[in-house]
Every structure is written in structure tokens, then in C-alpha cells.
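# Coordinate analysis (summary)
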Amino acid sequence: QVQLVESGGGLVQAGGSLRLSCAASGRTFSRYIMGWFRQAPGKEREFVGGISWSGDRANIGDSVKGRFTISRDNAKNTVYLQMNSLKPEDTAVYYCAARDGDSYVSKSRNDYAYWGQGTQLTVSS
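Quantities reported herein were computed from a predicted structural model and do not represent experimental measurements.

### Notes on the nonpolar core
Within the largest apolar cluster, 28 residues are counted, with the highest numbers of intra-cluster contacts made by L4, M34, W36, V79, L81 and Y94. Contributing elements (two or more residues each) for this core: β1 (2–7), β3 (18–26), β4 (33–39), β5 (46–51), β7 (68–73), β8 (78–83), β9 (92–99) and β11 (119–124). If you look at the next biggest cluster of nonpolar residues, it comprises six residues, including I33, F47, V105 and Y112.

Next up, the structure:
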């Protein structure tokens, strides 16, 4: 089992940048596919990005493609979400998630068994 703790959320103006971090503890971090999801009030939880064990493969959600990037540092047991050119519609609670079992970088929240508590991002216009 792995425990996940997100950090780095906050209030930022539109057009700005922010980096979220997710620190993992427990079982070997490098065994897990890592993902970021977000959920705005009244909306479904949405895939933002996912990254493979070694970091050589990544999927990015269509709504953030070209603006967000995902990376990981297995030596630090941490996955990052770099967010640039932020928009008010990026406002949401951002969740870190982990899955194991195979090497597929899934976009489905149902494939991720472990979740952090979330961190709030608010983008003002």
C-alpha cells in the first residue's frame, strides 16, 4: 500500500504558473503508475495526467494539453504537476493517485486504487 500527500495548491492569477507535488510513502514508489486528477464543484473527477514507472511515458488530458506537464523523481518518491498558462476553468481540487499491477498509464479514475486527500487550486480572472 502507498500513502499520498499533495501540496502546492493555492490562489493564482490567470496566466500564472504553479507546481503541485505529491509525496508518496509506503511501498516502493517506482512500482506505481502515478496520476493527477481534478474535480471542480458539481463536476466529475477528470483525468489531468499520468506517468509511467520510469517517467519515460506520460499521458496528458485533452483540456490541459500543451499547458500542463507531469514528471516524477523516484529518488524523492515524488510526482509533480507543472501547470502553466492557468485559466479560471482550471480551478478545482487536484488529487494525486497511484495504481499498480501493470505498466498501463490509465486515464480512468477507476484504475487507480490509492488517492491523496487533494489540494485546492483557485485561478482568479
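### Brief notes about the state of the cysteines
Counted by the stated rule, this structure contains one disulfide. At a sulfur-sulfur separation of 2.1 Å, the disulfide partner of C22 is C96. With the S-S dihedral at roughly -80°, the linkage between C22 and C96 falls on the left-handed side. With a gap of 74 residues between them, C22 in strand β3 and C96 in strand β9 connect regions that are remote in the sequence. For C22, a relative accessible area of 0% gives the class buried.

### Some thoughts on the packing of aromatic side chains
Centre-to-centre distance and the angle between the planes together describe a pair of aromatic rings. Under the counting rule described, the total for this entry stands at six aromatic pairs. Each ring, one from Y32 and one from Y114, has its centre 5.9 Å from the other, and the planes form 85°; the classification is edge-to-face. Here the residue Y32 occupies a position in the loop between β3 and β4, and Y114 occupies one in strand β10 (residues 114–115), the gap between them amounting to 82 residues. Look at Y32 and you get buried, because its relative accessible area is 0%. By relative accessible area, which is 19% here, Y114 ends up buried. Measuring from centroid to centroid gives 5.6 Å for F37 and F47, while their planes differ by 75°, and the two rings are edge-to-face. Linking F37 in strand β4 with F47 in strand β5, this pair joins segments that are 10 residues apart in sequence. Assigned by exposure class, F37 and F47 land together as buried. By the ring-pair criterion, three or more aromatic residues cluster together here, those being F37, F47, Y95, Y112 and W115.

### Considerations on the side chain of R99
Positionally, R99 belongs in strand β9. A polar side-chain atom of R99 sits 2.5 Å from the main-chain carbonyl oxygen of Y104. Excluding its chain neighbours within four sequence positions, the residues that come into contact with R99 are R31, Y32, I33, Y104, S106, D111 and Y112.

Parameters at a glance
Residues numbered from 1 in each chain as written. Predicted model: local features only at pLDDT ≥ 70, side-chain atom pairs only at ≥ 80, totals over all residues. Heavy atoms only, no water. Core = buried A, V, L, I, M, F, W, Y, C linked by side-chain atoms within 4.5 Å. Buried < 20%, exposed > 50% of the residue type's maximum accessible area, 1.4 Å probe, protein only. Helix = DSSP H or I, 4+ residues; strand = E, 2+ residues; numbered from the N terminus. Disulfide = S-S within 2.5 Å. Phe/Tyr/Trp six-rings, centres within 6.5 Å; stacked < 30°, edge-to-face > 60°. Polar contact = N/O pair within 3.5 Å; in protein donor to acceptor, adjacent residues only side chain to side chain. Contact = heavy atoms within 4.5 Å.

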